[in-house]
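Fold and contact review
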Amino acid sequence: MSIALKQVFNKDKTFRPKRKFEPGTQRFELHKRAQASLNSGVDLKAAVQLPSGEDQNDWVAVHVVDFFNRINLIYGTICEFCTERSCPVMSGGPRYEYRWQDDLKYKKPTALPAPQYMNLLMDWIEVQINNEDIFPTSVGVPFPKNFLQICKKILCRLFRVFVHVYIHHFDRIILMGAEAHVNTCYKHFYYFVTELNLIDRKELEPLKEMTTRMCH
């Protein structure tokens, strides 16, 4: 990574604090293995496959946290240009609009400006991944029965960040020289969610043409 790109993707730009894995835990070892595969330049399609003998929930947990950190970083690089004035609706072009619902303050799907949607989304995900009842960190503590369903919802909503960034802010990513980094992150995400069937295909439609060129 170039010095300029390192400055773009520095820790101060992170939209949220990173969730880390405790050294010595099984999940930390899986995290290291996943990172080593990526850093070695291995085929991303192969890198996302569940390692033999490993628990699928652990593998998904590691990737959900990692994608949360990475996508935070990507949005953090353009968030000053994503304003209520420039992006009054959270959308992916004229055909796709995303409405926020969290069953707390927003009990019905609600149209919001993109930056407000992003803040609510990142807060919501952070609460999930820091909840020991959902993402247990202690050895031997089981995942909840609905763990994969929760992760599917998190990943589906994280995909919407890619949609918004690619369609509305990619010119800014290019100006920063970060295009290759963002594309690699997207390909990794796409191969992972499709390998394990974690996102409904219709949710992937907004970036279908780009994905066909980039990932096939």
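Residues numbered from 1 in each chain as written. Predicted model: local features only at pLDDT ≥ 70, side-chain atom pairs only at ≥ 80, totals over all residues. Heavy atoms only, no water.

Let's shift gears to the pattern of salt bridges. Inspection of every chain in the model, using the stated rule, returns 5 salt bridges. Across the pair Asp66 and Arg70 runs a salt bridge, and its minimum N-O distance is 2.8 Å. One end of the pair is Asp66 and the other is Arg70, both in helix 4 (residues 56-78) and 4 residues apart, which spans about a single turn. Owing to a relative accessible area of 23%, Arg70 belongs among the partly exposed residues under this scheme. (Salt bridge = Lys/Arg side-chain N within 4 Å of Asp/Glu carboxyl O. Helix = DSSP H or I, 4+ residues; strand = E, 2+ residues; numbered from the N terminus. Buried < 20%, exposed > 50% of the residue type's maximum accessible area, 1.4 Å probe, protein only.)

Look at helix 4: 33 Å from first C-alpha to last across 23 residues, which is about the 33 Å you get at 1.5 Å a residue. By the criterion of burial, helix 4 is predominantly enclosed, with 20 of the 23 residues buried. The N-cap residue of helix 4 is Asp55: its side-chain oxygen and the backbone nitrogen of Asn57 are 3.1 Å apart. (Expected span 1.5 Å × (residues − 1). Polar contact = N/O pair within 3.5 Å; in protein donor to acceptor, adjacent residues only side chain to side chain.)

Here we take up the UniProt feature "binding site: Zn(2+)" (unreviewed entry) in the chain. According to UniProt, the positions carrying the feature "binding site: Zn(2+)" (unreviewed entry) are Cys82, Cys87, His164 and His169. A stretch of 88 residues holds the annotated residues, and the largest C-alpha distance among them is 10.0 Å, short enough that they meet in one place. For Cys87, the position within the fold is in the loop between helix 4 and helix 5 (114-129). Owing to a relative accessible area of 5%, Cys87 belongs among the buried residues under this scheme. Each residue touching Cys87, except ones within four places of it in the same chain, is listed here: Cys82, Pro113, Ala114, Pro115, His164 and His169. Mapped onto the elements, His164 comes out in helix 6 (residues 147-168). The contacts of His164, once residues within four sequence positions are left out, are Cys82, Cys87, Val89, Met90, Ser91, Ala114, Met118 and His169. (UniProt positions renumbered as here; feature names shortened; annotations may be inferred. Contact = heavy atoms within 4.5 Å.)

This part covers the packing of helix 4 against helix 6. Remark: helix 4 packs on helix 6, axes separated minimally by 10 Å, with the N-to-C direction vectors making an angle of 25°. In terms of axis orientation, helix 4 runs roughly parallel to helix 6. Crossing handedness for the pair helix 4 and helix 6: left-handed. Here helix 4 contributes Gln56, Asn57, Val60, Ala61, Val64, Phe67, Phe68, Ile71, Ile74, Tyr75 and Ile78 to the contact with helix 6, which in turn contributes Phe147, Leu148, Cys151, Ile154, Leu155, Leu158, Val161, Phe162 and Val165. When the residues that make up the contact of helix 4 with helix 6 are grouped by side-chain class, the tally is 18 nonpolar, 2 polar and no charged. (Axes fitted to C-alpha atoms, helices over the stretch in contact; angles between N-to-C directions. Parallel < 35°, antiparallel > 145°, perpendicular 65-115°, else oblique. Left-handed = near helix turned anticlockwise from the far one by under 90°. Nonpolar A, V, L, I, M, F, W, Y, C, P; charged D, E, K, R; others polar.)

A few words now on the packing of aromatic side chains. Evaluation of the coordinates by the stated rule reveals 15 aromatic pairs. Here Tyr186 and Tyr190 contribute two aromatic rings whose centre-to-centre distance is 6.3 Å and whose plane-to-plane angle is 25°, an arrangement assigned as stacked. Of the two residues, Tyr186 and Tyr190 are both situated in helix 8 (residues 179-195); the distance of 4 residues between them amounts to about one turn of the helix. Here the aromatic residues Phe67, Phe159, Phe162, Tyr166, Phe170, Tyr186, Phe189, Tyr190, Tyr191 and Phe192 are joined through ring pairs into a cluster of three or more. Seen from the ring of Trp124, Arg157 lies directly overhead, with NZ or CZ sitting 4.5 Å from the centre. Its guanidinium or amino end placed over the ring of Phe81, Arg172 lies 3.8 Å from that ring's centre, counting from NZ or CZ. (Phe/Tyr/Trp six-rings, centres within 6.5 Å; stacked < 30°, edge-to-face > 60°. Lys NZ or Arg CZ within 6 Å of the ring centre and 35° of its normal.)

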